[in-house]
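Here are the chains, one letter per residue:
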Amino acid sequence: MTVDVTVVGGGISGLACARAVRDAGRTVRVLDRGRRVGGRLASRTIDGRPVDLGASYFVVGEAEDFAHVVADWEERELARPWTDTFQVIDAYGTKTPKPGPMRWAAPLGLRTLALDLAEGLDVETERLVERAAPYRVDGEDAGEVVLAMPAPQAARLTGDAPGGSQEWDPVIAVVLRWDERQWDADLHGAFADGDADVTFIADDGDRRGDGAPVLVVHTTADRARRHLDDPDGAIAPVLTATRRLLRIDAEPAAARAHRWTFARPAETTGEPFFRSPGLSACGDAWGESAAVRIAWTSGDALGRALAAS
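Residues numbered from 1 in each chain as written. Predicted model: local features only at pLDDT ≥ 70, side-chain atom pairs only at ≥ 80, totals over all residues. Heavy atoms only, no water.

Caption draft 1: Highlighting the environment of Leu41. Tracing the sequence through the fold places Leu41 in the loop between strand E2 (28–31) and strand E3 (43–46). Remark: the alpha-carbon pair of Leu41 and Glu124, spanning 83 residues in sequence, is separated by 18 Å. For Leu41, the residues in contact, after removing those within four places along its chain, are Ile12, Ala55, Leu110, Arg111, Ala114 and Val292. (Helix = DSSP H or I, 4+ residues; strand = E, 2+ residues; numbered from the N terminus. Contact = heavy atoms within 4.5 Å.)

And the structure:
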């Protein structure tokens, strides 16, 4: 069946794009290579509970349309305000509170928000796209084609990333579980100031609201690059850094790692999306900063533009 728009990539940007197209009365389908949609809104059930392995949280900011979506999620208890204060931890383990905007989390994992956006859409999962071109996907008519993915992945499908090449940094997310909590209740999340191995530590039990003794630690890009072929190799240095920063004496009961080869753009374009006849792109690299709200806003804006054309 021929559709008006084919979106390749079922992360929050691609889903927002598809919903905008559908809400305008046009036909759209979403193709995603994963078993479930979500992209970097990734949650996995570990030891019987969901753990966020991708994005750590989201901020609403001044994105008015996104704020309406979030208000609906909050009303249905899919999302909740988490904290407006993180910590900054120096090399000696000294913590300094860092107030900021309200960060939001999802009680059952951020992937549930992507699944909610996908509700009612024509989504084909476990579909590995090999080639994309204007108006065509894998040699078949596809209507307007949207690549909702990091530029290096888009380049593999097109030979040249729409809108130009972009550098992306890798991250390895390390999940550490103890039998009981080993850190202060006011941790919430913490930025590691100048650490060679760790950039951010999230108290997953705190953001989930169940108090589980679980931390999710994101590596620096340099540390991740050393372990892209063996993510588990990052566990030891990340654990050492985490125990030092949080002054934890006990060994964890379990640890595992997840690799993100393209975790975040090194720089963003400042443009809301890329648009050309038959082949467009959207995502968190298309905006003033890499963030969940930027990804949603980019996809929504592109979907509206496509529907209006």
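Caption draft 2: Structural view of the packing of helix H1 (residues 12–23) against helix H8 (residues 292–308). Orientation of H1 relative to H8, taken along the N-to-C sense of each, is 30 degrees, at an axis distance of 7 Å. Relative to H8, H1 is oriented roughly parallel. In this structure, H1 crosses over H8, and the sense of that crossing is right-handed. Seen from H1, the contacting residues are Ile12, Ser13, Ala16, Cys17, Ala20 and Val21; seen from H8, they are Val292, Ala295, Trp296, Ser298, Gly299, Asp300, Leu302, Gly303, Arg304, Leu306 and Ala307. (Axes fitted to C-alpha atoms, helices over the stretch in contact; angles between N-to-C directions. Parallel < 35°, antiparallel > 145°, perpendicular 65-115°, else oblique. Left-handed = near helix turned anticlockwise from the far one by under 90°.)

Caption draft 3: Here's a closer look at the sheet that holds strand E1 (residues 5–8). The sheet built from 5 strands is open, its strands ordered E7-E2-E1-E11-E17 with parallel pairing. Where the open sheet ends on each side, the last strands, each with one partner, are strand E7 (122–124) and strand E17 (279–281). On average, each strand axis in the sheet is inclined to that of its neighbour by 20 degrees, with strand direction left out of account. Here strand E11 (residues 144–147) pairs with E17 via 3 bridges, running parallel. Bridging from a neighbouring strand, Leu147 pairs with Ala281 of E17. (Pairing = 2+ DSSP bridges.)

Caption draft 4: Here's a closer look at the nonpolar core. In this structure, Val7, Leu15, Phe58, Phe66, Trp73 and Val146 are the most contacted members of the largest nonpolar core, which totals 37 residues. The element that contributes the greatest number of residues to this core is H1, accounting for 6 residues. Leaving out residues up to four positions away in the same chain, Phe66 has contacts with Phe58, Val59, Val60, Trp73, Val292, Arg293 and Trp296. If you look at the next biggest cluster of nonpolar residues, it comprises 23 residues, including Trp178, Val198, Ile201 and Leu239. (Core = buried A, V, L, I, M, F, W, Y, C linked by side-chain atoms within 4.5 Å. Buried < 20%, exposed > 50% of the residue type's maximum accessible area, 1.4 Å probe, protein only.)

Caption draft 5: A look at the packing of H1 against helix H3 (residues 111–118). In the contact formed by H1 and H3, the axes pass within 9 Å of each other and the chain directions differ by 20 degrees. Here H3 runs roughly parallel to H1, going by the angle between their axes. Both H1 and H3 take part in a crossing whose hand is left-handed. Facing Ile12, Leu15 and Arg19 of H1, the residues of H3 in contact are Ala114, Asp116, Leu117 and Ala118. Considered class by class, the residues forming the contact of H1 with H3 number 5 nonpolar, no polar and 2 charged. (Nonpolar A, V, L, I, M, F, W, Y, C, P; charged D, E, K, R; others polar.)

Caption draft 6: Molecular detail of helix H7 (residues 235–246). Taking 1.5 Å of rise per residue, 12 residues should cover 16 Å, and H7 covers 16 Å from first to last C-alpha, within 8% of that figure. Taken across its 12 residues, H7 has 9 buried, putting it largely inside the fold. Every buried residue belonging to H7 is among Ile235, Pro237, Val238, Leu239, Ala241, Thr242, Arg243, Leu245 and Leu246, and all of these are buried. Where H7 terminates, the next one or two residues include Arg247, which has phi positive at roughly 55 degrees. (Expected span 1.5 Å × (residues − 1).)

Caption draft 7: Local environment of the packing of aromatic side chains. Under the defined criterion, the tally for this structure stands at 14 aromatic pairs. A ring pair is formed by Tyr57 and Trp82, whose centres lie 6.5 Å apart and whose planes are at 55 degrees; its orientation type is tilted. Taken together, the positions of Tyr57 in the loop between strand E4 (49–52) and helix H2 (64–75) and Trp82 in strand E5 (residues 80–89) put the pair 25 residues apart, joining distant regions of the chain. Taking relative accessible area as the criterion, Trp82 reaches 10% and is therefore assigned buried. Directly above the ring of Tyr57 sits Arg103, whose terminal nitrogen or CZ lies 5.8 Å from the centroid. (Phe/Tyr/Trp six-rings, centres within 6.5 Å; stacked < 30°, edge-to-face > 60°. Lys NZ or Arg CZ within 6 Å of the ring centre and 35° of its normal.)

Caption draft 8: Spatial organisation of unusual backbone geometry. For Glu126, which is not a glycine, the phi torsion comes out positive at approximately 55 degrees. Residue Glu126 is classed as exposed on the basis of its relative accessible area of 59%. One non-glycine residue, Tyr135, lies in the positive phi region at around 70 degrees. When you line up the elements, Tyr135 lands in the loop between strand E8 (132–133) and strand E9 (136–137).

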